[in-house]
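# Observations on chain architecture
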Amino acid sequence: MNYPLLRGIDSPADLRRLPRADLVKLAGELRAYVLDTLSNSKVGGHLGSNLGTVELTVALHYVFNTPHDRLVWDVGHQTYPHKVLTGRRDQLGTIRHLGGISGFPRRDESEYDTFGTGHSSTSISAAHGMAMAAKIKGEDRKAVAIIGDGAMTAGMAFEALNNAGVPHGGLMGDLLVILNDNDMSISPPVGALNKYLARLMSGSFYSAAREGAKSVLKNTPLYEFARRFEEHTKGMVVPGTIFEEFGFNYVGPIDGHDLDALIPTLENLRDKKGPQFLHVVTKKGQGYKLAEADPVKYHAAPGKFDPAVGFVKSAAPAKPTFTQIFGDWLCDMAEQDTRLVGITPAMREGSGMVEFHKRFPSRYQDVGIAEQHAVTVAAGLACEGLKPVVAIYSTFLQRAYDQLIHDVALQDLPVLFALDRAGLVGADGATHAGNYDIAFTRCVPKMAVLTPADENECRQALFTGFQHQGPVTVRYPRGAGAGVEVQKQMQALPWGKGEIRRESGQPQGRAGSPRIAILAFGTLLYPALAAAEQLDATVANMRFVKPLDQELVLELARSHDGLVTIEDGCLMGGAGSAVLECLQAAGLQTPVLTLGLPDEFIEHGDVPSLMSQCGLDAAGIEQSILKRFGGRPALLRSAANE
Ligand SMILES: Cc1ncc(C[n+]2csc(CCOP(=O)(O)OP(=O)(O)O)c2C)c(N)n1
Ligand SMILES: CC(=O)[C@@H](O)[C@H](O)COP(=O)(O)O
Ligand SMILES: [Mg+2]
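Residues numbered from 1 in each chain as written. Chains lettered and ligands numbered in written order. Predicted model: local features only at pLDDT ≥ 70, side-chain atom pairs only at ≥ 80, totals over all residues. Heavy atoms only, no water.

### Some remarks on the packing of aromatic side chains
Under the convention used in this document: Two rings from Phe, Tyr or Trp (for Trp, the six-membered ring) form a pair when their centres are within 6.5 Å of each other. A pair whose planes differ by under 30 degrees is stacked, one over 60 is edge-to-face, and the rest are tilted. Each residue is placed in one exposure class: buried if its accessible area under a 1.4 Å probe, protein chains only, is under 20% of its type's maximum, exposed if it is over 50%, and partly exposed if it falls in between. Helix and strand assignments follow DSSP, with helices taken as H or I runs no shorter than four residues and strands as E runs no shorter than two, numbered in order from the N terminus.
Under the defined criterion, the tally for this structure stands at 20 aromatic pairs. Measuring from centroid to centroid gives 4.8 Å for Phe-305 and Phe-311, while their planes differ by 80°, and the two rings are edge-to-face. Exposure class is identical for Phe-305 and Phe-311. Each is buried. Centre to centre, the rings of Phe-326 and Tyr-476 are 6.3 Å apart; their planes meet at 25°, and the pair counts as stacked. Taken together, the residues span a long stretch of sequence, with Phe-326 in helix α15 (residues 322-336) and Tyr-476 in the loop between β13 (472-475) and β14 (499-502) at a distance of 150 residues. Each member of the pair, Phe-326 as well as Tyr-476, carries the same accessibility label: buried. What links up through ring pairs into an aromatic cluster is the set Tyr-196, Phe-243, Phe-248, Tyr-250 and Phe-277.

### Re the UniProt feature "binding site: Mg(2+)" (unreviewed entry) in the chain
Cut-off, in case you're wondering: UniProt positions are given in the numbering used here, feature names are shortened, and annotations may be inferred rather than shown by experiment. In what follows, a contact means two residues having at least one pair of non-hydrogen atoms within 4.5 Å. Side-chain atoms alone can form a polar contact between residues adjacent in sequence; in general such a contact is a pair of N or O atoms within 3.5 Å, and within protein one must be able to donate a hydrogen while the other accepts it.
In the numbering adopted here, UniProt assigns the feature "binding site: Mg(2+)" (unreviewed entry) to Asp-149 and Asn-182. The named residues occupy 34 residues along the chain; their greatest pairwise C-alpha distance, 6.9 Å, places them in one compact cluster. Along the chain, Asp-149 falls in the loop between β3 (143-148) and α8 (155-164). Those residues within four positions of Asp-149 in sequence are excluded, and the remaining contacts are Leu-179, Asn-180, Asp-181, Asn-182, Asp-183, Met-184, Pro-189, Leu-193 and Leu-197. Within the structure, the side chain of Asp-149 is placed 3.3 Å from the backbone nitrogen of Asn-182, a separation counted as a polar contact.

### Regarding the site of ligand 2
Here is the rule we go by: Throughout, near means a residue has at least one heavy atom within 4 Å of the molecule or strand. Only the protein chains shown count as cover for residues, and all accessible areas are computed by the Shrake-Rupley method using a 1.4 Å probe. Residues are grouped as follows: Ala, Val, Leu, Ile, Met, Phe, Trp, Tyr, Cys and Pro are nonpolar; Asp, Glu, Lys and Arg are charged; all remaining types, including Gly, are polar. Residue ranges assigned to the domains are those given by an automatic or database domain assignment.
By nearness alone, every residue bordering ligand 2 is listed as His-46, Val-75, His-77, Phe-104, Ile-186, His-299, Tyr-393, Phe-396, Arg-421, Asp-428, His-432 and Arg-478. Here an oxygen atom of ligand 2 sits 2.6 Å away from a polar atom, N or O, in the side chain of Tyr-393. Within the side chain of Arg-421, an N or O atom sits 2.7 Å from an oxygen atom of ligand 2. Coverage of ligand 2 by the protein chains reaches 86% of its 360 Å² of free accessible surface. Considered class by class, the residues forming the shell around ligand 2 number five nonpolar, four polar and three charged. Per-domain counts for the shell around ligand 2 show at least three residues from each of domain 1 (6-301) and domain 2 (322-475).

### Considering the sheet that holds strand β8 (residues 340-344)
Short version of the rule: Strand pairing is defined by DSSP finding a minimum of two bridges between the two strands. Note on geometry: axes are lines fitted to C-alpha atoms, helical ones only across the stretch in contact, with angles between N-to-C directions running from 0 to 180 degrees.
Taken together, the seven strands give an open sheet; going across it, the order is β9-β8-β10-β11-β13-β12-β17, and neighbouring strands pair in mixed fashion. Edge positions in the open sheet fall to β9 (364-366) and β17 (544-546), since each of these has one partner strand only. Neighbouring strand axes in the sheet, compared pairwise and without regard to direction, differ in orientation by 20° on average. Helix α17 (residues 371-383) contacts β8, β9, β10 (387-393) and β11 (416-420) of the sheet and is inclined by roughly 165° relative to β10.

### Here we look at the site of ligand 1
With respect to spatial proximity, 22 residues lie near ligand 1, and among them His-77, Gly-150, Met-184, Lys-284 and Glu-371 are the closest. Between ligand 1 and the protein, one listed contact pairs an oxygen atom with a side-chain N or O atom of Asn-182 at 2.9 Å. Tallied by class, the residues present in the shell around ligand 1 amount to eight nonpolar, ten polar and four charged. Two domains each put at least three residues into the shell around ligand 1: domain 1 (6-301) and domain 2 (322-475).

### Quick look at helix α13 (residues 259-270)
What counts is decided by this rule: Take the number of residues in a helix, subtract one, and multiply by 1.5 Å to get its expected span.
Helix length check: α13, at twelve residues, gives a terminal C-alpha distance of 16 Å against a target of 16 Å (1.5 Å per residue), a fit within 8%. For α13, the full list of buried residues reads Leu-259, Ala-261, Leu-262, Ile-263, Pro-264, Thr-265, Leu-266 and Leu-269. Among the residues of α13, the N-terminal cap falls to Asp-258, whose side-chain oxygen and the backbone nitrogen of Asp-260 are separated by 2.8 Å.

### Notes on the domain arrangement of the chain
Condition: Two parts placed together each lose some accessible area under a 1.4 Å probe, and adding up what both lose gives the buried area. In what follows, salt bridge is the name for a side-chain nitrogen of Lys or Arg lying within 4 Å of a carboxyl oxygen of Asp or Glu.
Split by domain assignment, the chain resolves into domain 1 (6-301), domain 2 (322-475) and domain 3 (499-641). For domain 2 versus domain 3, the distance between C-alpha centres works out to 28 Å. Facing the 30 residues of domain 2 at the interface are 32 residues of domain 3. Carbon and sulfur atoms supply 57% of the area buried between domain 2 and domain 3, which totals about 2200 Å² over both sides. Of all residues in domain 2, Leu-424, Arg-442 and Thr-451 bury the most surface against domain 3, accounting for 30% of the area lost on that side. The interface formed by domain 2 and domain 3 holds three salt bridges in total. Residues Arg-442 and Glu-581 are paired through a salt bridge, measuring 2.7 Å at the closest nitrogen-oxygen approach. At the boundary of domain 2 and domain 3, one finds 17 residue pairs in polar contact (both at pLDDT 80 or more). Along the lines of polarity and charge, the residues of the side of domain 2 that touches domain 3 split into 18 nonpolar, six polar and six charged.

### A look at the pairing of β13
On any regular strand, side chains alternate: one points to one face of the sheet, the next to the other face. Neither face of β13 is open: one carries Val-472 and Val-474, the other Thr-473 and Arg-475, and all of them are buried. Summarising the sheet, β11 and β13 pair through four bridges and their orientation is parallel. Bridge assignment links Phe-417 to a residue of β13, and that residue is Thr-473. Looking at chain direction, strand β12 (residues 448-450) and β13 are connected through three bridges and run parallel. The residue of β13 that forms the bridge with Val-449 is Thr-473.

### Here's the deal with the coordination of the magnesium ion (ligand 3)
What counts, and what does not: Metal donors: N, O and S atoms at distances within 2.8 Å, or within 3.2 Å for Na, K and Ca, with water omitted from the atom set so that some sites may seem incomplete.
Taken together, Asp-149 (OD), Asn-182 (OD1) and Met-184 (O) make up the protein donors of the magnesium ion (ligand 3), found 2.0 to 2.2 Å from the metal. The buried category is assigned to Asp-149, whose relative accessible area is 3%.

### Comments concerning the UniProt feature "binding site: thiamine diphosphate" (unreviewed entry) in the chain
Following the UniProt record, the feature "binding site: thiamine diphosphate" (unreviewed entry) maps to His-77, Gly-118, His-119, Ser-120, Gly-150, Ala-151, Asn-182, Tyr-288 and Glu-371 here. With a sequence span of 295 residues, these residues are also far apart in the fold, their greatest C-alpha distance being 31.7 Å. Its place among the elements puts Gly-150 in the loop between β3 and α8. Not counting residues up to four positions away in its chain, the partners in contact with Gly-150 are Met-184, Ser-185 and Ile-369. Those residues in contact with Glu-371 that sit more than four places away from it in its chain are Pro-345, Ile-392, Phe-396, Arg-399 and Ala-400.

Set out below in structure tokens:
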């Protein structure tokens, strides 16, 4: 399949030289290119939202003088068309691959990526900052935030609207907010805003009857429609939109796939001063029937697929993912305990809660993209004797850190945080890494932190955490685990206790062949066991970071020449730090090697490669231990001497 027009676009300047009449064809080529490239990518990537923003992307780069005018894409998962038009057409096939371009906008990737996103609802704030900077610096520059209806449900978006719609020191930013309303989040949208937007759409261009908007729609096909509509609704009290109440000139809703509507409207808005708000209506998955019909399933492609067939489940019964282990546990636990309430901030599918929602609708809450609200709702539920379970990706819990401390831990409320995507997540890269939760939760008083090693222990840890009368996190990685058998019977783990999984045969104190103990926190137990076989080391499955099994730590420290801690979390303040603190408090001098994620942001790539790069696969663990403590050559030497 060739793309004659797209082949000639190496920058938006090339696009802006095209005759306007070619833009529809270009959009068609762009959509086909994105679908074709993604369907051939083994890594997969975001699909529905990219297909839905093709025309909007073409229109924005056609009308605005990018990169001088700034585009800020909210979440940024819909920027594949943007990346194609801004010089990265030939790199699209590398997106989310190790060493390839990012699946989200990155300032260090392109000058057209004016703001790094990945976590939602930041675009209006960032674009407002850029608009105010232009005013303060006296630059003639526009700033445009493109935000989805899902992202608009986060409080931060309203903090920004509340702030950006009013003058600051007499200055008003020339900010344009474009609401890309496809009536979809990752799953069906929730909340009052969604219903409000639907009313706006059912009002079908009623806003066009308003003076401010009419001038914007001039010379567009909509203007005539709006004029007739105004005649029809003369005398009707046309309610101001919520966005106008925030000080924005609201225009819309208009068809976000119609370039004949988009381009003149954007040209008119571009030339207006002050805060503008354009409401565009798009379809998630536009132009690809399977995605249009099921935008939830086609939010992201899991890997290569045949567009004619769509996504098909792999035939082989895969090992259960930790997400599935959680989802099954949640339903089983809800069966046993009617106090259980399951809460998700807009990630029903990703957190494995579809079945729970179906079976326990009255105890299921999707609060929208509103992590802060999710945590404090849970606190409120706990105050009333219920048992809330907040299912939240580790990275998104960062958004609700104060609520975790101030609303949950400080009041010692029994909230269970089921932290999926803990550790490296792979293709989503640095913005979505769940690297920090051990460090930022263990330092909070009253918090308990559990790190199950495999699928069975995950189920038992969730049960243990649910029984606990205080705040607790249970963290587990994206994807499948070691593949151990999962016991249906739920039983509590001994609170705060680890276990020895392997005993070294090395005597303590022999020169050159040290007796080493590896303390594994979480799923890295398994590569640690593999390394220990080579080194004849002891291995402890610690299970808890907090409360730490201090008795076990001290016993191992006294009976081994060296300790090694290992975690798929940041080293700074992580489980290894907890062990060091324990030894220091006991006055023990046993040398400790801490292994974990380095003090740097780790980019996208496949997890095995990334773990190997971080020295956290079996070979890397072995090498680090040998380097620090000496060992196997000495072991062989000693064996030869016996
Ligand atoms: C703070 C935060 N929470 C959750 C997510 C996960 N997430 C990614 S896209 C998405 C839905 C976004 O919906 P919308 O803004 O309407 O964009 P669309 O996918 O419809 O184009 C969510 C919840 C996120 N990226 N950031
Ligand atoms: C863009 C976004 O934040 C989500 O779509 C995220 O990429 C989902 O991650 P998983 O694929 O791990 O569920
Ligand atoms: Mg949406």
